[in-house]
Amino acid sequence: MPSMTNRFMGIALEEARAAGARGEVPVGAVLVMDGTVIASAGNRTRAENDVTAHAEVAVIREAAGKLGQERLTGADLYVTLEPCTLCAAAISFARIRRLYYGAEDPKGGAVDNGVRFFAQPTCHHAPDVYSGISGVEAAEILKEFFAERR
Ligand SMILES: [Zn+2]
(Lines give C-alpha, C1' and ligand atoms only; values in the text may rest on other atoms or scores of the structure.)
Protein backbone atom coordinates (compact mmCIF):
# COMPACT_ATOMS: atom_id res chain seq x y z
CA MET A 1 0.00 0.00 0.00
CA PRO A 2 2.03 2.96 -1.23
CA SER A 3 -0.26 5.59 0.32
CA MET A 4 0.21 4.18 3.85
CA THR A 5 3.94 3.97 3.26
CA ASN A 6 3.99 7.63 2.26
CA ARG A 7 1.86 8.62 5.24
CA PHE A 8 4.15 6.90 7.75
CA MET A 9 7.29 8.19 6.06
CA GLY A 10 5.69 11.66 6.14
CA ILE A 11 5.53 11.43 9.93
CA ALA A 12 9.18 10.33 10.01
CA LEU A 13 10.12 13.33 7.86
CA GLU A 14 8.28 15.66 10.29
CA GLU A 15 10.23 14.10 13.16
CA ALA A 16 13.46 14.65 11.21
CA ARG A 17 12.64 18.34 10.69
CA ALA A 18 11.74 18.75 14.37
CA ALA A 19 15.04 17.12 15.37
CA GLY A 20 16.91 19.54 13.10
CA ALA A 21 15.10 22.48 14.70
CA ARG A 22 16.39 21.25 18.09
CA GLY A 23 19.93 21.13 16.77
CA GLU A 24 19.97 17.36 16.44
CA VAL A 25 21.03 15.60 13.24
CA PRO A 26 17.70 15.54 11.37
CA VAL A 27 16.73 11.89 11.23
CA GLY A 28 13.23 10.72 12.15
CA ALA A 29 11.65 7.32 12.68
CA VAL A 30 8.20 5.81 13.12
CA LEU A 31 7.26 2.39 14.44
CA VAL A 32 4.03 0.89 13.13
CA MET A 33 2.18 -2.19 14.33
CA ASP A 34 -0.97 -3.45 12.58
CA GLY A 35 -1.28 -0.18 10.67
CA THR A 36 -1.09 1.93 13.85
CA VAL A 37 1.71 4.30 14.82
CA ILE A 38 3.05 3.08 18.17
CA ALA A 39 5.98 5.49 18.45
CA SER A 40 7.64 8.29 16.52
CA ALA A 41 10.83 10.16 17.35
CA GLY A 42 13.78 12.09 16.03
CA ASN A 43 17.41 11.88 17.03
CA ARG A 44 17.99 12.87 20.68
CA THR A 45 21.70 12.29 21.14
CA ARG A 46 22.42 15.89 22.16
CA ALA A 47 19.36 16.35 24.35
CA GLU A 48 20.06 13.13 26.24
CA ASN A 49 23.87 13.14 26.04
CA ASP A 50 23.52 9.64 24.73
CA VAL A 51 25.24 8.46 21.57
CA THR A 52 22.77 5.57 21.30
CA ALA A 53 19.71 7.87 21.22
CA HIS A 54 19.24 7.52 17.48
CA ALA A 55 15.69 7.87 16.15
CA GLU A 56 15.40 4.14 15.43
CA VAL A 57 16.54 3.13 18.91
CA ALA A 58 14.19 5.73 20.42
CA VAL A 59 11.09 4.31 18.68
CA ILE A 60 12.09 0.71 19.43
CA ARG A 61 12.53 1.58 23.14
CA GLU A 62 9.27 3.50 23.30
CA ALA A 63 7.26 0.86 21.45
CA ALA A 64 8.68 -1.99 23.52
CA GLY A 65 7.81 -0.08 26.68
CA LYS A 66 4.28 0.71 25.52
CA LEU A 67 3.58 -2.83 24.35
CA GLY A 68 5.34 -4.40 27.34
CA GLN A 69 7.39 -6.74 25.21
CA GLU A 70 11.06 -7.04 24.38
CA ARG A 71 10.57 -8.09 20.77
CA LEU A 72 8.47 -6.25 18.22
CA THR A 73 7.67 -9.14 15.91
CA GLY A 74 5.40 -7.96 13.11
CA ALA A 75 6.31 -4.30 13.50
CA ASP A 76 7.40 -2.07 10.64
CA LEU A 77 9.97 0.68 11.08
CA TYR A 78 10.15 3.79 8.91
CA VAL A 79 13.26 5.93 9.08
CA THR A 80 14.40 8.83 6.93
CA LEU A 81 18.03 7.71 6.65
CA GLU A 82 19.67 4.32 6.10
CA PRO A 83 20.26 2.89 9.59
CA CYS A 84 23.79 2.76 11.02
CA THR A 85 25.37 -0.40 12.49
CA LEU A 86 23.98 0.30 15.96
CA CYS A 87 20.43 0.71 14.67
CA ALA A 88 20.62 -2.19 12.24
CA ALA A 89 21.56 -4.41 15.18
CA ALA A 90 18.71 -3.04 17.29
CA ILE A 91 16.27 -3.59 14.41
CA SER A 92 17.46 -7.18 14.08
CA PHE A 93 17.28 -7.88 17.83
CA ALA A 94 13.78 -6.38 17.99
CA ARG A 95 12.65 -8.72 15.20
CA ILE A 96 11.28 -5.85 13.10
CA ARG A 97 9.39 -7.29 10.12
CA ARG A 98 9.92 -4.56 7.54
CA LEU A 99 12.31 -1.65 7.31
CA TYR A 100 11.46 1.31 5.10
CA TYR A 101 14.18 3.92 4.79
CA GLY A 102 14.57 7.17 2.87
CA ALA A 103 18.04 8.34 1.88
CA GLU A 104 21.04 6.08 1.52
CA ASP A 105 23.99 6.87 3.77
CA PRO A 106 27.23 5.82 2.06
CA LYS A 107 29.28 7.25 4.98
CA GLY A 108 27.47 5.74 7.94
CA GLY A 109 24.84 3.32 6.67
CA ALA A 110 24.98 -0.37 7.52
CA VAL A 111 22.16 -1.84 5.42
CA ASP A 112 23.10 -1.32 1.78
CA ASN A 113 26.47 0.28 2.60
CA GLY A 114 29.25 -0.37 5.10
CA VAL A 115 28.98 -3.66 6.98
CA ARG A 116 25.63 -4.64 5.37
CA PHE A 117 24.58 -5.94 8.73
CA PHE A 118 21.51 -7.92 7.65
CA ALA A 119 23.48 -9.88 5.06
CA GLN A 120 26.02 -11.22 7.57
CA PRO A 121 25.89 -14.84 8.77
CA THR A 122 26.02 -13.51 12.35
CA CYS A 123 22.73 -11.68 11.83
CA HIS A 124 19.92 -13.97 13.02
CA HIS A 125 16.93 -11.90 11.93
CA ALA A 126 16.80 -9.66 8.88
CA PRO A 127 13.78 -7.48 8.06
CA ASP A 128 12.49 -7.02 4.54
CA VAL A 129 14.12 -3.78 3.39
CA TYR A 130 12.54 -1.10 1.19
CA SER A 131 14.85 1.80 0.36
CA GLY A 132 14.45 5.17 -1.33
CA ILE A 133 11.05 5.96 0.26
CA SER A 134 10.88 9.79 0.04
CA GLY A 135 14.65 9.54 -0.26
CA VAL A 136 15.16 12.83 -2.06
CA GLU A 137 13.21 14.78 0.56
CA ALA A 138 15.01 13.00 3.42
CA ALA A 139 18.40 13.78 1.87
CA GLU A 140 17.40 17.41 1.32
CA ILE A 141 16.57 17.88 5.03
CA LEU A 142 20.03 16.59 5.98
CA LYS A 143 21.78 18.64 3.30
CA GLU A 144 20.10 21.88 4.43
CA PHE A 145 20.89 21.14 8.07
CA PHE A 146 24.60 20.68 7.44
CA ALA A 147 24.77 23.62 5.00
CA GLU A 148 23.39 25.94 7.71
CA ARG A 149 26.00 24.72 10.15
CA ARG A 150 28.97 25.53 7.96
ZN1 LIG B 1 21.71 4.70 14.10
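Below is a summary of the structure that appears in this document. Everything numeric here is computed off the predicted structure, so don't read it as measured data.

This part takes up the layout of surface pockets. Taken as a whole, the largest pocket holds about 240 Å³ of empty space. Along the wall of the largest pocket there are 16 residues; nearest its centre are Thr 5, Asp 76, Tyr 78, Arg 98 and Tyr 100. Every element with two or more residues in the lining of the largest pocket is listed here: α1 (2–21), β1 (28–33), β3 (76–81) and β4 (98–103). In terms of residues, the lining of the largest pocket owes the most to one element, α1, which gives three residues. A breakdown of the residues in the lining of the largest pocket according to their chemical character gives nine nonpolar, three polar and four charged. By volume, the second largest pocket is sized at about 180 Å³. Lining the second largest pocket, in full, are Val 25, Val 27, Asn 43, Thr 45, His 54, Glu 56, Leu 81, Glu 82, Pro 83, Cys 84, Asp 105 and Gly 108. Per-class residue counts for the lining of the second largest pocket are five nonpolar, four polar and three charged.

On to the packing of aromatic side chains, then. Per the stated rule, a full pass over the model turns up five aromatic pairs. Seen from their ring centres, Phe 117 and Phe 118 are 6.0 Å apart, and the 90° between their planes marks the pair as edge-to-face. Among the residues examined, Phe 117 registers a relative accessible area of 17% and is labelled buried. Each residue in the set Phe 8, Tyr 78, Tyr 100 and Tyr 130 is aromatic and connected to the rest through ring pairs, giving one cluster.

Moving on, we come to the sheet that holds β1. What the five strands build is an open sheet, ordered β2-β1-β3-β4-β5; its pairing is mixed. Two strands in the sheet have a free side with no partner beyond their single neighbour: β2 (36–42) and β5 (128–130). On average, each strand axis in the sheet is inclined to that of its neighbour by 15°, with strand direction left out of account. With five bridges connecting them, β3 and β4 associate as parallel partners. Its bridge partner lying in β4, Leu 81 is registered against Ala 103. Along the sheet, helix α3 (residues 55–67) makes contact with β1, β2 and β3, crossing β2 at roughly 140°.

The rules behind each value
Residues numbered from 1 in each chain as written. Predicted model: local features only at pLDDT ≥ 70, side-chain atom pairs only at ≥ 80, totals over all residues. Heavy atoms only, no water. 1 Å grid on protein atoms, 1.4 Å probe; cavity = no way out; pocket = protein on both sides within 12 Å on 5 of 7 lines; lining within 4 Å. Points joined across faces, edges and corners; volume = space filled by probe spheres on them. Helix = DSSP H or I, 4+ residues; strand = E, 2+ residues; numbered from the N terminus. Nonpolar A, V, L, I, M, F, W, Y, C, P; charged D, E, K, R; others polar. Phe/Tyr/Trp six-rings, centres within 6.5 Å; stacked < 30°, edge-to-face > 60°. Buried < 20%, exposed > 50% of the residue type's maximum accessible area, 1.4 Å probe, protein only. Pairing = 2+ DSSP bridges. Axes fitted to C-alpha atoms, helices over the stretch in contact; angles between N-to-C directions. Contact = heavy atoms within 4.5 Å.

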